[in-house]
Amino acid sequence: MLSKVISAAYLALWISSCVVTSAVDVHMTRALQLMSETPLIDGHNDLPWQLRKQFNNELNKVDLYTLETTHTNIPKIKEGRLGAQFWSAYVPCETQYKDAVRQTLEQIDVVHRMCEKYPETFMFATSSQDIMKAFNMNKTASLIGVEGGHSLDSSLGTLRTMYQLGVRYLTLTHSCNTPWADNWLVDTGSEPSQHNGLSPFGKQLIVEPPPKRNVPDDVLMKVNNTGGIVMVNFYNDYVTCRDTATVSDVADHFDHIKKVAGAGIIGFGGDYDGVTRLPEGLEDVSKVPKVVAELLRRGWTDEEVKAALGDNLLRVLREAEKVRDSLNGTSPDDVPIPYDEVKNSCRTSYGYPNAGAVHSLSTLVLLLTLAGSFQINSFINCL
């Protein structure tokens, strides 16, 4: 009799296990179907930085089909159904006041060359139309974001030049102050404020001060009111404030954004190849569909999932393109930052006969045209 009870218990356990497994498969199947209809657009991948660190940007020494020392390669991209990627043109804060512009241009160049070397996989993109064209061709649309205002060397001309080279977003700071903006560490109290957020020149670029790494609820609601987007970072330290995290922890961030400000402001910003720790189950770009499946398991509708996958980013980019097109023929703001604010031993003063020129705010429109939106890495206090 006892053996029959035990056998029945094992049978029940086996049936329960089958039901759970079946449910997971159903969600993953649906996730992959939705990803075939709407491009997954990721806002942040540091593969170009890994190409510099590991190969000094010598692409001839790299095979992205077989590369195994990064979170990202072509087979992983295909498995992860990556429809579009903003590749990060990142250089460290140590380059500020030195060769930040040169190094950033080299990172922009390596993205272009990556697309040229693998045209069967990547298509260089600068617009919402390009993203959809690449998606319909079963290629990964490749856009560029510059990570940190120190890459501009406080020059609007450099910003415009980078736009012409295909850059479509700029984060105001990385982890260092610029001569015109305080970085996120100021908000934590670990660094002193130099500009109370933004200097007058910084306000030529944007009207709101930089947010912290974890975006508070009031900023989420402001992003909703302005039609922007928050792209969730997968770095364990931002997800849980610990060395470890899970797919469920990442999905908690998506849930919180939706609860506070709606699914219409959410995007993916994985930060692959730019971080040292990733959640269990999200170890490389091939694993991203697991997040989509988890959102479906939690009751997200198809429309909400598609919004997070790419529709929200496409909306923001299209609005930026409307602003750009409406300004055709408008003269750009060319008032430089005052020399006293950038003076250092590595900078000359050519072109500064009148120090202390008064700035206008018209370049705010320029930034909206060039960037459309800036990426916010995460959003809530760590769990």
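Residues numbered from 1 in each chain as written. Predicted model: local features only at pLDDT ≥ 70, side-chain atom pairs only at ≥ 80, totals over all residues. Heavy atoms only, no water.

Caption draft 1: Region of the structure containing the state of the cysteines. With the rule as written, the count across this model stands at one disulfide. One disulfide bridge connects C93 with C176, the sulfur atoms lying 2.2 Å from each other. Sign of the S-S torsion, about -85° for the bond between C93 and C176, identifies this disulfide as left-handed. Residue C93 is located in the loop between β2 (82–89) and α4 (100–117), and its partner C176 is located in the loop between β5 (167–171) and α7 (185–188); the two are separated by 83 residues in the primary sequence. Here the two residues C93 and C176 agree in accessibility, since each one is buried. (Disulfide = S-S within 2.5 Å. Helix = DSSP H or I, 4+ residues; strand = E, 2+ residues; numbered from the N terminus. Buried < 20%, exposed > 50% of the residue type's maximum accessible area, 1.4 Å probe, protein only.)

Caption draft 2: Representation of the packing of aromatic side chains. Counted according to the given criterion, the structure contains 12 aromatic pairs. With centroids separated by 5.0 Å and ring planes inclined at 90°, the aromatic side chains of Y235 and Y238 adopt a geometry described as edge-to-face. Each of the two residues, Y235 as well as Y238, counts as buried. Judged by centre distance (5.2 Å) and plane angle (45°), the ring pair of Y339 and Y352 falls under tilted. (Phe/Tyr/Trp six-rings, centres within 6.5 Å; stacked < 30°, edge-to-face > 60°.)

Caption draft 3: Main features of the environment of M162. Within the secondary structure layout, M162 lies in helix α6 (residues 156–164). Residue classification places M162 among the buried positions, given a relative accessible area of 2%. In sequence terms M162 and G145 are 17 residues apart; their C-alpha atoms lie 9.7 Å from each other. Here M162 is in contact with T104, I108, V146, S151, L152 and V167, once residues within four sequence places are set aside. (Contact = heavy atoms within 4.5 Å.)

Caption draft 4: Layout of the pairing of β2. Burial within β2 is extensive, with eight of its eight residues counted as buried. Looking at chain direction, strand β1 (residues 40–45) and β2 are connected through four bridges and run parallel. Residue D42 lies in a different strand from β2, and its bridge partner there is Q85. Sheet analysis places β2 next to strand β4 (residues 140–147), joined by six bridges and oriented parallel. Looking across to β4, one finds that S88 is bridged to G145. (Pairing = 2+ DSSP bridges.)

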